[in-house]
Every structure is written in structure tokens, then in C-alpha cells.
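Descriptive analysis of the structure
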Amino acid sequence: MALTILRTVRPSTTWQDTLIVVKKKQRVVFDAEETWSPDMRNQIAWCGADGIYEHPAGDGYLLPGTNIGALIARIGQGAPFAVGSRYDFIADQEGVLFFAMNENPDYNNQAGKLTAQVVVFDDALP
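What this report covers is the structure whose coordinates are included nearby. Because the structure is a prediction, the values reported are computed rather than measured.

Rules used throughout
- Residues numbered from 1 in each chain as written.
- Predicted model: local features only at pLDDT ≥ 70, side-chain atom pairs only at ≥ 80, totals over all residues.
- Heavy atoms only, no water.
- Salt bridge = Lys/Arg side-chain N within 4 Å of Asp/Glu carboxyl O.
- Helix = DSSP H or I, 4+ residues; strand = E, 2+ residues; numbered from the N terminus.
- Buried < 20%, exposed > 50% of the residue type's maximum accessible area, 1.4 Å probe, protein only.
- Core = buried A, V, L, I, M, F, W, Y, C linked by side-chain atoms within 4.5 Å.
- Contact = heavy atoms within 4.5 Å.
- Phe/Tyr/Trp six-rings, centres within 6.5 Å; stacked < 30°, edge-to-face > 60°.
- Lys NZ or Arg CZ within 6 Å of the ring centre and 35° of its normal.
- Pairing = 2+ DSSP bridges.

**Description of the pattern of salt bridges**
Following the criterion strictly, the structure yields four salt bridges and no others. With its nearest N and O atoms 2.5 Å apart, the salt bridge here joins aspartate 88 to arginine 27. Taken together, the positions of aspartate 88 in strand β7 (residues 86-90) and arginine 27 in strand β3 (residues 26-33) put the pair 61 residues apart, joining distant regions of the chain. The partly exposed category is assigned to arginine 27, whose relative accessible area is 32%.

Okay, structure coming up:
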């Protein structure tokens, strides 16, 4: 059995609490839709949860090396990881799930939103 939960994600570097508790070794699947726009300084760029194609974030972003504007997540106070438009994984720790946009915390001109579907499977793997 699985539980499917929808969450709206704002285009922000502030970690957004999903109120979803993930257990260690639990399977979680993400599907994200809609568009948002990171702060690209002197230009406007809209993208989906995969971020801006071939624009990896540099130092100063929440997850350097991952596309600017990509949907990212973390469990508890753990390290952030890229989610994008679809991600299927087994949790390596327990805690509350958080979402954010891969953006520079010093930038503040974002727009749009994403809708993330989170499917949490009942049983953790042995």
C-alpha cells in the first residue's frame, strides 16, 4: 500500500515543511508539475522542476552542481538532494521531508509554483 500526498511548493530557498515523515529505508516517489521562475538577474526564465537546462548552480546555491531552479529536498537536517520532475528513492534516514527551489538565498525575485505529488509506501524495506 502507498499514501499519495500533494504539496504546493513555493519558489523559495526557505526550506518548506511538507509535514510528511519519512522512515529510514522507506520508498518514496516524487512527481512534480507546473512551472516556476528562479531569479536569473537580468533575464526571465521559466522552468519546471528539473530547473533550467544546462545551467548548473554554482557556489552560493542550496545545491551546487544541480540545475538552477530545480526542485530539491532534504529529510530532517540531512543533506539536500535533487528531486526534479520525477524521483524514486529509498530513504537513507528518518525525518520530516522539506522542499525548496535550488536558488541563491541572496536572490529574491522568483515567481510561480510547483505541485509535488509525494507517494510514500507503507513498509520500509528490511
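**Some words on the nonpolar core**
Counting 30 residues, the largest nonpolar core has Phe30, Leu71, Leu97, Phe99 and Val118 as the members making the most contacts within it. Formed by five residues, the second largest nonpolar core is a distinct cluster that contains Trp15, Leu63, Ile72 and Ala100.

**Comments concerning the environment of alanine 32**
By the element assignment, alanine 32 lies in strand β3. Placed 88 residues apart in sequence, alanine 32 and valine 120 show a C-alpha to C-alpha distance of 15 Å. Residues contacting alanine 32, with those up to four places away along its chain left out, are Ala49, Leu71, Gly84, Ser85, Thr115 and Ala116.

**Describing the packing of aromatic side chains**
Per the stated rule, a full pass over the model turns up seven aromatic pairs. On the basis of an interplanar angle of 15° and a centroid distance of 6.5 Å, the ring pair of phenylalanine 30 and tyrosine 87 is categorised as stacked. In this pair, phenylalanine 30 sits in strand β3 while tyrosine 87 sits in strand β7, placing the two residues 57 residues apart along the sequence. For tyrosine 87, a relative accessible area of 30% translates into the label partly exposed. Residues phenylalanine 81 and tyrosine 87 carry aromatic rings whose centres are separated by 5.8 Å and whose planes lie at 35° to one another, so their mutual orientation is tilted. Put simply, the rings of Phe30, Phe81, Tyr87, Phe89 and Phe99 pair up and form one aromatic cluster. Over the ring of tyrosine 107 we find arginine 41, and its NZ or CZ is 3.9 Å from the ring centre. The ring of phenylalanine 98 carries arginine 74 above its face, with NZ or CZ at 5.2 Å from the centroid.

**Topic: the sheet that holds strand β8 (residues 95-101)**
One open sheet accounts for four strands, arranged β2-β8-β5-β6; its pairing is antiparallel. For this open sheet the edge positions go to β2 (16-22) and β6 (81-82), each flanked by a neighbour on one side alone. Pairing geometry for strand β5 (residues 71-75) and β6, over two bridges, is antiparallel. Its bridge partner being in β6, alanine 73 is matched across the sheet by phenylalanine 81.

**Considering the environment of lysine 25**
Tracing the sequence through the fold places lysine 25 in the loop between β2 and β3. Since its relative accessible area comes to 37%, lysine 25 is described here as partly exposed. Spatially, the C-alpha atom of lysine 25 lies 8.6 Å from that of aspartate 123, the residues being 98 residues apart in sequence.

**Some details on the side chain of aspartate 39**
Mapped onto the elements of the fold, aspartate 39 is located in the loop between β4 (36-37) and β5. Overall, the relative accessible area of 6% leaves aspartate 39 in the buried class. Not counting residues up to four positions away in its chain, the partners in contact with aspartate 39 are Glu103, Tyr107, Asn108, Asn109 and Gln110.

Interpretation in functional terms is not warranted from these geometric data alone.
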